[in-house]
Amino acid sequence: MRRLFSTVLAICAFFSALAQEQLTDQTKAFVTHERGNYLLQNLTLVDGTGGAAKANQDILIVGDKIEKVGPDLPVPKGATAINMEGKSAMPGMVMLHEHLFYPKTTPDANYGVDQMSYSFPRLYLAGGVTSIRTAGSIMPQADLNIKKAIGRGEVPGPKMDVTSPHIDREGVGIFELGAIDSPEGAARAVNHYADMGITSIKVYNFITREDLKAIVAAAHARNMKVTGHICSITYREAADIGIDNLEHGFFSCSDFVKGKQVDICDPFEMRKALLTIPVDSKEVTDLITHLVSKKVALTSTINVFEPYTGREVVPGGGIDALFPNAKEKVYKRWASKQGKDSLDYLAFNKAKVWEKAFYDAGGLLVAGTDPTYDGRIVAGYANRRLLELFVEMGFSIPEAIKICTLHGATYLEQASSIGTLEAGKIADLLIMDNDISKDISAIRSLNIVFKNGIGYDSKKLFKAAEGYVGIR
Ligand SMILES: [Zn+2]
């Protein structure tokens, strides 16, 4: 009886989850495959586990789930068989530094950022990202409302873990952010955001060790993880305090600053130390060992640090997504950096080695694109570029895909339902026209993005955001 009861409950939960997702015409405009039963045949799979690619595989989607994966599956009654010979599949990406904001397109710097409620959710889904963590917010209420609207099917976009605004002391000078002035205030902020419905916490450059202790304790008590783009606190100190995740690889690591004052951020000294320290320094290896032993995840946002010379203006190919004024600004900066970014190359090349060393040492390396800085990083396009850059860093194609799928899911504690192409998981998967097991840039031939078993048209989603990045 109890068993029957729990089965009924499970079925009710399943149907209510689907019932909540009532696609509006606005969302339906992008749908290629309504929810149903599909047998996708003869695909090459890179399944997100890190294992070798498999040719001639079928995927059976039933409702919002992957029912079966394997060669030569029989076509079940009522299922639509689709021959996908020559195409390839991978899991939907789970990316962890995906803001819904973008730098203002004002002529002068330091006017902060603008919310991209319209263009960014479309672009993330277009780029094959089915789940995001925002890793910092300027309009938490807007982010939460977008998450709900996407969940109900009102607008297209990825599933969201909405992160708090960056919790920081006075100093960073972003107009949209507030500041705390004590550890007690920091804990109050955490609880305030948790009460709003926020599900993860972000800390920033100028917090003290006591602030971080209070934040980690308050967040963990509310079942939320804490990530940081830090500077005043070293990675080692943050790991010892119990932070869950560090952002930007080793680019915000102040551990190597000679004579560093505690709780003080000096970004110039930090960059100098990173440029000076030898790539194979024992200090770096020791820090990596320490972070791995403390189980701190590291987010690579290496796409943000991609040099300019000989590289795309908008990495991933999204120049036309930009509002004219933003396009002009980004192009000017790119042109001015040609042949003058040798220091960027130096830092980038070191970061490539260190982030791979962290992974090779058993660390949980996760991925995020951070659409900020000078406007060159654009949601969706940047996600596919980051995947390519992991291969440039020396990862195999299955490893690069695993970092952008299973690792993100593992960090979010959702690996039992998303992150790989395996029977029993949610049908979040990408269909590329070209073979991604042979060339990672096949991600640019992405055609259909399945999210919760519904297929969306990648190109149409990209097109819908064209010209809007920078304004809405
Ligand atoms: Zn960021």
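Just so we're clear, the structure is a prediction, and the values are computed from it rather than from any experiment. (Residues numbered from 1 in each chain as written. Predicted model: local features only at pLDDT ≥ 70, side-chain atom pairs only at ≥ 80, totals over all residues. Heavy atoms only, no water.)

1. Section: the pairing of strand β2 (residues 37–45)
Now for step 1: By the criterion of burial, β2 is predominantly enclosed, with 7 of the 9 residues buried.
Now for step 2: Bridge analysis of β2 against strand β3 (residues 54–62) gives 6 bridges, and the strand direction is antiparallel. Note on β3: the bridge partner recorded for Y38 is I61.
Now for step 3: Two elements, β2 and strand β5 (residues 80–83), share 4 bridges in a ladder whose sense is parallel. Note on β5: the bridge partner recorded for L40 is I82. (Buried < 20%, exposed > 50% of the residue type's maximum accessible area, 1.4 Å probe, protein only. Helix = DSSP H or I, 4+ residues; strand = E, 2+ residues; numbered from the N terminus. Pairing = 2+ DSSP bridges.)

2. Considerations on the environment of I59
Now for step 1: Inspection of the secondary structure assignment puts I59 in strand β3.
Now for step 2: Classification of I59 as buried rests on a relative accessible area of 0%.
Now for step 3: Note: C-alpha distance between I59 and N42 (17 residues apart in sequence) is 8.8 Å.
Now for step 4: Residues within four places of I59 in sequence aside, it is in contact with Y38, L39, L40, L43, L45, I66, K68, A89, L421 and L429. (Contact = heavy atoms within 4.5 Å.)

3. Comments concerning the domain arrangement of the chain
Now for step 1: Here the domain parsing of the chain yields domain 1 (20–90 + 426–456) and domain 2 (93–411).
Now for step 2: The distance between the C-alpha centroids of domain 1 and domain 2 comes to 29 Å.
Now for step 3: At the junction of the two partners, domain 1 supplies 32 residues and domain 2 supplies 31 residues.
Now for step 4: With both sides pooled, the region where domain 1 packs onto domain 2 buries about 2,400 Å², and carbon together with sulfur makes up 62% of that total.
Now for step 5: Ranking the residues of domain 1 by area buried against domain 2 places I440, R444 and K451 at the top, with a combined share of 28%.
Now for step 6: With its nearest N and O atoms 2.7 Å apart, the salt bridge here joins D428 to K159.
Now for step 7: At the boundary of domain 1 with domain 2, the tally comes to 13 residue pairs in polar contact (both at pLDDT 80 or more).
Now for step 8: Only α2 (25–28) and β19 (446–451) provide two or more residues apiece to the side of domain 1 that touches domain 2.
Now for step 9: Top contributing element to the side of domain 1 that touches domain 2 by residue count: β19, with 4 residues.
Now for step 10: Tallied by class, the residues present in the side of domain 1 that touches domain 2 amount to 14 nonpolar, 12 polar and 6 charged. (Domains from an automatic or database assignment. Buried area = accessible area lost by both parts, 1.4 Å probe. Salt bridge = Lys/Arg side-chain N within 4 Å of Asp/Glu carboxyl O. Polar contact = N/O pair within 3.5 Å; in protein donor to acceptor, adjacent residues only side chain to side chain. Nonpolar A, V, L, I, M, F, W, Y, C, P; charged D, E, K, R; others polar.)

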